[in-house]
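Structural features, examined
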Amino acid sequence: MIALLQRPKQLLNSWSESWLERRSPKTRSLTLNQQRIFIIPTRDGIGFLLMLAAIFVGGINYANSLILGVSFLLVSLFLVSILHTYGNLSGLQISAGRSQNAFVGEEAVFTLNLNSEGEQDYEAIWFYWGEGKPQAVNLIGDQELSVRMLLPVNQRGYYSPPRLKIETRFPLGLLRAWSWIDLDTSCLVYPKPRINDYPRRNEGAGLDGERLLHEGSDDFDGLKTYVAGDSPRNVAWKTYARTGDMYSKVFVGQEDHEHWLDWEAFAGLAIEERLSRLCYWVTQLSDEGRTFGLRLPGVEIRPARGELHRSECLERLACYGLGDLDHKRVNVGEAE
Amino acid sequence: MENSQPIPRNSLVWLLASMFAGIAPHFSRLPLWVIAVCLLCGSWRIMVYRSRWKLPGRWIKALLVFSSFAAVLGHYGTLFGPDAGTALLILGFCFKLLETHNRKDAFTVVVLGFFVVATAFFYTQSMLSAGYLLLVCFMVTAALIGLNQTPLQTDPKRTARRAFKLLLQSIPLMLVLFVFVPRVAPLWSLDLSGSRAKTGLSDRITPGDIAELSRSPELAFRVEFEGSIPDTSKLYWRGLVLDHYDGATWSRGVSNNEQSLMDREPMVAGFNGEGIPWQASVRFQGDQYRYRVIMEPTDKRWLFALPAARSENRRVGFSRDFRLLSDTPISQPFSYSVSSDLRFSLDTSLPRWLAQRNLQLPETGNPRSRQLAERLLKQSKTASSYVTQVLTFFSEKTFSYTLRPPRLTGDRIDQFLFETRQGFCSHYAGAFVYLMRSAGIPARIVAGYQGGEINPLGGHLLVHQFDAHAWAEVWLPGQGWKRADPTAVIAPSRVEQGVEEALSEEQSFLEDSVLSPLRYRSINWLTQFRFAWDYVNFAWHRSVLGYDAKLQADFLSRLLGPVDFKKLGLIMVLLTTLVLLGLAGLLFLNRRGHSRDPLLQIYLKFCKRMAAKGIRRMPGESAGEYLQRLIKKYPDKASEMEELTDLYTQATYSSNYSSNGEGSQQATLSRMKRLLRTL
Amino acid sequence: MLNGIYGRKQDVSIKSIEQPSHDSSDYHDLINAMVSEVETVVMGKTHQVRLALACLFANGHLLIEDLPGMGKTTLAHTLAGVLGFSFKRIQFTSDLLPADIIGAPIFDGREQRFEFQPGPVFSQLLLADEINRATPKAQSALLEAMEERQVSVDGTTHPLPVPFFVIATQNPISQTGTFPLPESQLDRFLMRIELGYPAHEAERRILQGSNPRESISELKQILGLDQLRLIQQRVESILVADPLLDYVQRLVHFSRQCSDFDFGLSPRGALALVRSARAWALIEGRDYVIPEDVQQVLPCVAEHRLRGGRGHSGHRGITLTRQLIDAVDVLE
């Protein structure tokens with residue numbers, strides 16, 4: 001019985017959903033126009049209409065032209081404000097800007113770029129987006145503006161925010177104009193980092209690797225006796241000038257021991273737990289500027305360091321087991 | 001956008017300002033304690049705004065509300081009707097301000113604000129106050145806009161600009177609605193209380209008391225004639241008939257034994273088109289004038305018209321003494337159309353009860369006057385020759401016209417006729433009627449206005465309070481009631497040229513109204529200005545305040561031919577849509593305000609034409625690449641397309657806008673247009 | 001064509017004659033001669049050769065990125081030959097020291113004083129081979145010299161020769177121990193070009209032809225230093241009209257706003273774009289820039305200055321700059 005009652009509601013919901021989808025398909029950028037803007041009076045607006053009806057009746061009853069005039073003025077105000085409220089959305093160009101990745105339980109940052117078509121000002125435009133906090137924006141004078149919206153994320157993987165609602169009641173609050181936009185934007189949600197001690201079972205893959213020295217050009221290491229064939233540029237001329245003996249400067253480069261963060265190191269834990277721990281270590285080692293590699297089942301990222309490396313490792317962790325790997329970055333090459 | 005959000009301070013500024021401005025016009029009428037409460041609430045709110053005080057607690061508010069209800073009830077005796085209602089509304093407006101925490105409360109205050117503006121029109125309808133209340137409307141609108149702005153927006157001037165824009169754009173639509181929305185009859189009958197004192201004619205005349213009336217420069221009414229205007233000497237605007245004399249005062253008073261007579265026949269009839277029982281006693285005999293009188297409020301029912309008048313206005317009735325009367329006291333500017341035949345006969349046979357009324361005199365007093373009447377009556381054969389005798393008496397003796405007559409006591413008529421012999425219209429009219437009645441001829445005093453001033457701008461007549469006049473009517477057998485104006489005998493200029501001329505030696509004309517421009521009629525530009533201002537006011541009264549169902553029907557049928565509700569509704573919807581569309585065009589077309597490069601426009605036209613043929617230019621495609629694609633598809637038009645593209649590219653990119661020679665650009669443009677036509 | 005347009009064209013050439021120079025069409029012949037001369041050695045790479053010349057005319061440095069054996073070095077050699085430049089080459093390795101590039105003071109035993117011995121950077125055309133093999137220290141020594149066009153050693157400033165033109169090469173496939181150039185330093189290169197595999201015809205001719213080393217030695221010098229300077233001045237005077245700047249700004253703006261790009265073009269990048277487009281217009285024989293010029297140079301000017309946003313580019317097989325060109329309206 002209840003199911004029977006619920007069915008029409010579901011049907012209605014799914015119908016309106018699909019209607020909205022047809023009416024506003026996923027897009028990167030669009031300009032609000034009459035096809036997308038809906039407008040109806042608010043409760044205040046209805047109250048306002050009732051009030052002016054009362055004034056009108058008063059004007060009729062007391063045969064008072066000026067009281068009638070007031071009611072006509074208010075009707076006109078209402079009608080004109082339809083245009084203004086509509087105009088406060090129409091022509092506004094909205095495009096998805098950059099998004100910032102986030103960890104589970106944090107808020108992802110999405111940027112909306114607003115552009116005005118002409119010299120038009122837009123005031124008190126509200127953005128409602130998923131579970132994010134609604135935000136009001138004025139676009140006055142300057143013709144473009146970026147709005148940063150914070151959306152809480154609860155699941156790792158790629159996150160596409162739901163439909164964005166843009167609403168305004170400006171200028172009189174008597175009417176509500178709004179539009180739904182399905183913006184084609186997404187961000188990556190990394191597993192929630194969990195602080196832990198790295199298990200030291202795998203010898204040689206410990207995290208406290210010693211530093212290995214080899215010939216390089218980074219740091220001055222000392223002097224050695226000049227041998228014919230050494231580059232004259234490496235000769236310590238100042239020493240020669242002082243002592244008359246020829247020495248060559250020796251430089252060394254440093255390289256970290258290659259650490260490996262290994263999926264198997266956390267054997268026995270649940271998948272999400274393992275990912276959370278690895279995630280912690282990826283951020284930790286990256287912050288320390290260390291070189292490390294990542295091994296997940298079926299994936300191996302060679303040791304490297306730097307921002308790109310970090311984000312690639314995090315991406316792998318975020319998408320692990322989600323079959324989302326076709327989103328693989330193009331410029332992985334640069335990271336290696 | 002939640003309703004529980006705090007009010008932006010920007011809005012609060014406008015809200016407070018509009019509250020004070022909205023209540024200010026009511027100050028002069030409201031009881032003092034209401035004003036005190038208003039001021040208290042306002043300053044409390046300001047202290048809250050400045051974070052000095054806190055909003056009052058619930059108990060204080062409850063106490064305030066309850067006690068003010070009680071006080072209003074005590075003061076007005078009711079909670080309903082415009083006066084008490086307005087007082088309550090204003091109190092509510094103030095109290096609401098004190099409990100305004102969030103947007104929702106503020107919205108209520110805004111709504112109340114609009115109401116306060118509307119109620120102000122119950123009491124004042126002048127053009128200036130309408131302008132002022134429009135300003136208050138503007139402030140309330142600004143407050144409403146402020147409510148819907150974000151707290152980031154703190155510039156009250158910006159809010160004001162927006163409000164101004166909105167109101168300005170609403171006005172055309174308002175005018176359309178004002179003109180076309182059908183004026184229907186009141187849904188239920190309401191009475192505005194007439195307690196407010198107005199200057200004007202009094203229904204009691206006591207000759208011998210100090211002259212007052214003739215000195216007020218205020219306007220009594222305006223008259224718009226359909227054709228020519230009669231001579232000034234014929235402009236006797238009847239308003240009141242005074243037929244009872246108690247030895248000092250002429251009034252409409254009715255003694256007890258006459259009451260029974262009055263009950264037999266109704267004294268007033270003819271409202272809403274119903275019949276008039278004494279219709280037969282009026283005979284219209286031509287010399288007809290049609291005109292419209294636009295009256296200032298008097299709070300009395302009597303109306304003014306030339307004799308013998310009739311009106312088809314449903315609110316206008318007709319009295320037994322042939323005056324026009326309104327169904328309710330005139331509390332707002334009121335206009336009615338009248339037609340008057342200046343040749344007429346009234347009551348050719350006088351009913352006995354009416355004759356008795358018009359022969360009434362105190363039993364005793366004024367012996368010398370009665371002797372005079374007797375003496376003159378003996379010398380005359382007929383009633384009309386007696387009238388002539390009396391008027392001759394006035395002209396032969398040393399009577400003079402003045403606004404500063406000596407005071408009279410005791411046998412006032414005797415004193416005036418034989419001792420002081422100085423007075424103005426009511427002295428003469430009073431003495432004249434006394435002499436008539438003493439001789440057994442029915443007579444009565446008529447009070448009203450005489451003359452008027454023509455405004456050359458509008459061609460209409462202005463009748464001021466100083467034009468007030470009193471004259472007499474005598475009943476002559478076979479002829480009925482005839483006008484007799486003894487003042488005209490003593491000071492003909494009063495009737496022919498007005499009071500000012502009559503008083504030119506005395507210099508007492510408007511001597512109390514130093515600032516009245518009427519006093520300086522000899523200054524030409526001032527007169528011009530006065531006429532202009534009057535004309536504007538006249539138009540305001542006639543076309544705006546007086547825009548009633550009849551005027552609307554007249555106006556619209558003149559404009560559109562015969563109208564009915566259906567047609568009217570259709571036209572209204574059509575016009576409203578047109579105005580809104582025009583406004584939308586103004587708002588939205590203006591937006592693509594980029595003045596586009598004419599070269600680019602032609603080139604885009606070219607692209608559009610080609611797109612229609614099936615090859616659309618991609619956004620990232622340059623003119624050259626597009627050309628290549630086009631040539632592949634239409635090789636026969638290659639040379640034209642190439643030239644057009646080359647012209648566009650070179651003209652656009654091989655010179656800066658600034659260094660563009662006008663002539664060569666024109667040449668390029670016209671060449672491009674020609675090429676475009678071949679494609 | 002209309003008289004009016006010719007008239008305007010004449011105005012421009014009058015201006016250019018005042019700065020001792022010829023009509024753009026003269027340069028056009030000269031440039032075509034250069035291109036065909038280079039093509040006798042580097043076959044089937046007309047576009048890349050012209051880009052390289054544009055880079056030179058715009059007074060910027062060139063980065064060639066491609067696989068080993070694609071003719072990067074040959075191209076650099078050939079250009080040096082055609083231009084008659086003094087030419088030096090540095091092979092970047094991981095143990096290369098900054099002193100190996102810019103030079104070092106050497107103690108003269110007889111004179112008992114230090115004497116600055118200039119490094120290979122003191123040449124008109126410097127080929128920095130496999131630049132990403134050197135350590136960041138060595139890289140930045142070169143890149144600073146490129147930027148400032150002078151070298152400071154022990155408090156003494158030594159100006160680099162004029163013109164100073166660096167052609168750097170790097171391998172796209174990196175091996176362990178390479179140091180990719182950071183974005184900030186990539187920015188120092190006006191253009192980055194890829195040579196790519198030669199077309200079928202061209203490859204056949206390469207296979208049929210002689211050793212390119214020998215051909216290089218047979219090259220004719222076509223452009224003198226003075227002429228190059230004139231050409232560079234001419235590039236500066238190429239007209240960039242307002243509508244074109246509008247287009248460039250739209251491109252730049254889009255790259256900054258669109259989520260396809262992690263970051264957009266810097267003002268320096270935009271400037272580089274305009275400069276390169278000017279040089280390209282000159283090579284095309286025009287004295288004003290049109291949008292096609294911008295579109296032609298955009299991939300090599302902007303590609304290395306942009307970074308794609310996640311998940312949006314690459315896998316569709318479209319380069320970032322192509323996306324940029326397609327998305328931004330030329331006309332508006």
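Predicted model, so just to flag it, every value in this text is computed and none were measured. (Residues numbered from 1 in each chain as written. Chains lettered and ligands numbered in written order. Predicted model: local features only at pLDDT ≥ 70, side-chain atom pairs only at ≥ 80, totals over all residues. Heavy atoms only, no water.)

**With respect to the overall build of chain C**
For chain C, the count of helices and strands is 14 helices and 11 strands. The proportion of buried residues among the 332 residues of chain C is 55%. The long-range share in chain C, meaning contacts at least 24 apart out of those at least 6 apart in sequence, stands at 77%. (Helix = DSSP H or I, 4+ residues; strand = E, 2+ residues; numbered from the N terminus. Buried < 20%, exposed > 50% of the residue type's maximum accessible area, 1.4 Å probe, protein only. Contact = heavy atoms within 4.5 Å.)

**Considering the overall build of chain A**
Summing up its helical and strand segments, chain A has seven helices and 17 strands in all. Counting every position in chain A, which comprises 336 residues, the buried fraction comes to 52%. Relative to all contacts within chain A whose residues are 6 or more apart in sequence, the contacts with residues 24 or more apart total 66%. Accessible surface for chain A amounts to roughly 16,000 Å². Of this, 52% is attributable to carbon and sulfur atoms. (Areas by Shrake-Rupley, 256 points an atom, 1.4 Å probe, with all protein chains shown as cover.)

**Thoughts on a nonpolar patch on the surface**
Residue and element names in this part refer to chain B. A cluster of nonpolar side chains, Leu128, Ile523, Trp525, Phe529, Trp533 and Val536, forms an exposed patch at the surface whose accessible area comes to about 670 Å². Of all the elements, helix 17 (residues 524-545) adds the most residues to the nonpolar patch, at four residues. Within the secondary structure layout, Trp525 lies in helix 17. Residue class for Trp525 comes out exposed when judged on its relative accessible area of 61%. (Patch = residues over 30% accessible without salt bridge, like charges linked within 9 Å, V, L, I, M, F, W, Y side chains within 5 Å. Salt bridge = Lys/Arg side-chain N within 4 Å of Asp/Glu carboxyl O.)

**Digging into the pattern of salt bridges**
Applying the stated rule across the entire model yields 37 salt bridges over all chains. When the shortest N-O distance is used, the salt bridge between Asp262(A) and Arg295(A) registers 3.6 Å. With Asp262(A) in strand 15 (residues 259-262) and Arg295(A) in strand 16 (residues 292-296), the pair connects residues that are 33 residues apart, well separated along the chain. Arg295(A) gets classed as partly exposed once you look at its relative accessible area, which sits at 27%. When the shortest N-O distance is used, the salt bridge between Glu643(B) and Arg671(B) registers 2.9 Å. In this pair, Glu643(B) sits in helix 22 (residues 638-653) while Arg671(B) sits in helix 23 (residues 662-678), placing the two residues 28 residues apart along the sequence. On the accessibility criterion, Arg671(B) (23% relative accessible area) is partly exposed.

**Quick look at the sheet that holds strand 6 (residues 268-269) of chain B**
Residues and elements named next belong to chain B. As summarised here, the arrangement of the three strands in space is 6-10-11, forming an open sheet in which the pairing is antiparallel. Two strands bound the open sheet, and with one partner strand each, they are strand 6 and strand 11 (324-326). In this structure, strand 10 (residues 316-319) lies alongside strand 11, joined through three bridges in antiparallel fashion. The residue of strand 11 that forms the bridge with Phe318 is Leu324. (Pairing = 2+ DSSP bridges.)

**Re the packing of aromatic side chains**
Counting across every chain of the model gives 41 aromatic pairs over all chains. Relative to Tyr159(A), the ring of Phe110(A) has its centre 6.2 Å away and its plane inclined at 55°; by these criteria the two rings are tilted. Pair noted here: Phe110(A) is in strand 5 (residues 107-116) and Tyr159(A) is in strand 9 (residues 157-159), with a separation of 49 residues, a long-range link. An identical accessibility class is assigned to Phe110(A) and Tyr159(A); each is buried. Every member of this aromatic cluster is reached through a ring pair, and the members are Phe221(B), Phe225(B), Trp237(B), Tyr289(B), Tyr291(B), Phe304(B) and Tyr449(B). In this structure, Arg310(B) is placed above the aromatic ring of Phe284(B), and the distance from its NZ or CZ to the ring centre is 3.8 Å. Stacked on the ring of Trp280(C), the Lys or Arg Arg50(C) has its end atom at 5.8 Å from the ring centre. (Phe/Tyr/Trp six-rings, centres within 6.5 Å; stacked < 30°, edge-to-face > 60°. Lys NZ or Arg CZ within 6 Å of the ring centre and 35° of its normal.)

**Brief notes about the pairing of strand 12 (residues 187-190) of chain A**
Residues and elements named next belong to chain A. Residue alternation in strand 12 divides its side chains into two sets, Cys187 and Val189 and Leu188 and Tyr190, and both sets are buried. Pairing between strand 4 (residues 102-103) and strand 12: two bridges, direction parallel. Pairing of Ala102 across the sheet is with Val189, part of strand 12. Pairing of strand 9 with strand 12, which is carried by three bridges, proceeds in the antiparallel orientation. Looking at strand 12, one finds that Gly157 is bridged to Val189.

**Some details on a positive patch on the surface**
All names here are of chain B. On the surface, a cluster of positive charge is made up of Lys605, Lys608, Arg609, Lys613, Lys673, Arg674 and Arg677. Listed by contribution, the elements that provide at least two residues to the positive patch are helix 20 (598-613) and helix 23. Examined against the element boundaries, Lys605 turns out to sit in helix 20. By relative accessible area, Lys605 is classed as partly exposed at 49%. (Lys, Arg positive; Asp, Glu negative; His and termini not counted. Charge placed at Lys NZ, Arg CZ, Asp CG, Glu CD.)

**Examining the sheet that holds strand 1 (residues 29-31) of chain A**
Pairing within the open sheet is antiparallel, and its four strands lie in the order 1-3-5-8 (chain A). The open sheet has two edge strands, strand 1 and strand 8 (144-152) of chain A, and neither has a second partner. Taken pair by pair, the neighbouring strands of this sheet meet at an average axis angle of 25°, ignoring direction. Both strand 3 (residues 92-100) of chain A and strand 5 of chain A contribute to a ladder of seven bridges, which runs antiparallel. When the bridges of strand 5 of chain A are listed, Leu92(A) appears paired with Ser116(A). Those strands touched by helix 11 (residues 242-257) of chain C are strand 3, strand 5 and strand 8 of chain A, and its axis lies near 50° from that of strand 3 of chain A. (Axes fitted to C-alpha atoms, helices over the stretch in contact; angles between N-to-C directions.)

**Remarks on the packing of helix 3 (residues 65-87) of chain A against helix 5 (residues 103-120) of chain B**
Relative orientation of the contacting elements helix 3 of chain A and helix 5 of chain B amounts to 150°, with a least axis distance of 8 Å. Judged by the angle between their axes, helix 3 of chain A and helix 5 of chain B are roughly antiparallel. As for the relative orientation of helix 3 of chain A and helix 5 of chain B, their crossing is right-handed in sense. Here Ile67(A), Val70(A), Leu74(A) and Leu77(A) of helix 3 of chain A lie close against helix 5 of chain B, whose contacting residues are Phe114(B), Val117(B) and Ala118(B). (Parallel < 35°, antiparallel > 145°, perpendicular 65-115°, else oblique. Left-handed = near helix turned anticlockwise from the far one by under 90°.)

**Describing the interface of chain B and chain A**
At the interface, 60 residues of chain B touch 54 residues of chain A. For the pair chain B and chain A, the summed buried area comes to about 5,200 Å², and 68% of that belongs to carbon and sulfur atoms. Counting across the chain B and chain A interface gives three salt bridges. The salt bridge partner of Asp121(A) is Arg158(B), with a shortest N-O separation of 3.2 Å. Our count for the contact surface shared by chain B and chain A stands at 14 residue pairs in polar contact (both at pLDDT 80 or more). (Buried area = accessible area lost by both parts, 1.4 Å probe. Polar contact = N/O pair within 3.5 Å; in protein donor to acceptor, adjacent residues only side chain to side chain.)

**Considerations on helix 7 (residues 156-180) of chain B**
Its 25 residues give helix 7 of chain B an end-to-end C-alpha distance of 36 Å, which sits within 8% of 36 Å, the value for a rise of 1.5 Å per residue. For helix 7 of chain B, the side-chain oxygen to backbone nitrogen distance between the N-cap and Lys157(B) is 3.1 Å, and the N-cap itself is Asp155(B). (Expected span 1.5 Å × (residues − 1).)

**So, the side chain of Arg320(B)**
All names here are of chain B. By the secondary structure assignment, Arg320 is in the loop between strand 10 and strand 11. Under the relative-accessibility criterion, Arg320 is labelled buried at 4%. Within the structure, Arg320 has its side chain in polar contact with the side chain of Asp347 (distance 3.2 Å).

**Let's talk about the pairing of strand 10 (residues 164-168) of chain A**
Residue and element names in this part refer to chain A. The buried fraction of strand 10 amounts to five of the five residues, a majority that puts the element mostly inside the structure. Side chains of strand 10 alternate between two faces, with Leu164, Ile166 and Thr168 and Lys165 and Glu167 buried alike. Two elements, strand 6 (residues 122-129) and strand 10, share five bridges in a ladder whose sense is antiparallel. In the strand pairing of strand 10, Phe127 is matched with Ile166. The pairing of strand 10 with strand 11 (residues 175-181) spans five bridges and is classified as antiparallel. Within strand 11, the residue paired with Ile166 across the bridge is Ser179. In this antiparallel pair of consecutive strands, strand 10 and strand 11, the connection spans six residues, and Gly173 shows a positive phi of 75°.

**With respect to the environment of Trp281(A)**
Structurally, Trp281(A) is set in helix 5 (residues 271-288). Through-space distance from the C-alpha of Trp281(A) to that of Ile195(A) is 8.1 Å; in sequence the pair is 86 residues apart.

**Re the confidence of the model for chain A**
Residue and element names in this part refer to chain A. Here chain A averages 79 in pLDDT, while 79% of its residues score no lower than 70. The least confident element of chain A is helix 7 (residues 332-335), whose mean pLDDT is 33; the most confident is helix 3, at 93. Segment residues 201-214 is flagged for pLDDT under 50; beyond a separation of four residues in sequence, or across chains, it makes 30 contacts in the model. pLDDT under 50 marks residues 324-336. Its contacts with residues more than four places away, or in other chains, come to 30 contacts. (pLDDT = per-residue confidence, 0-100.)

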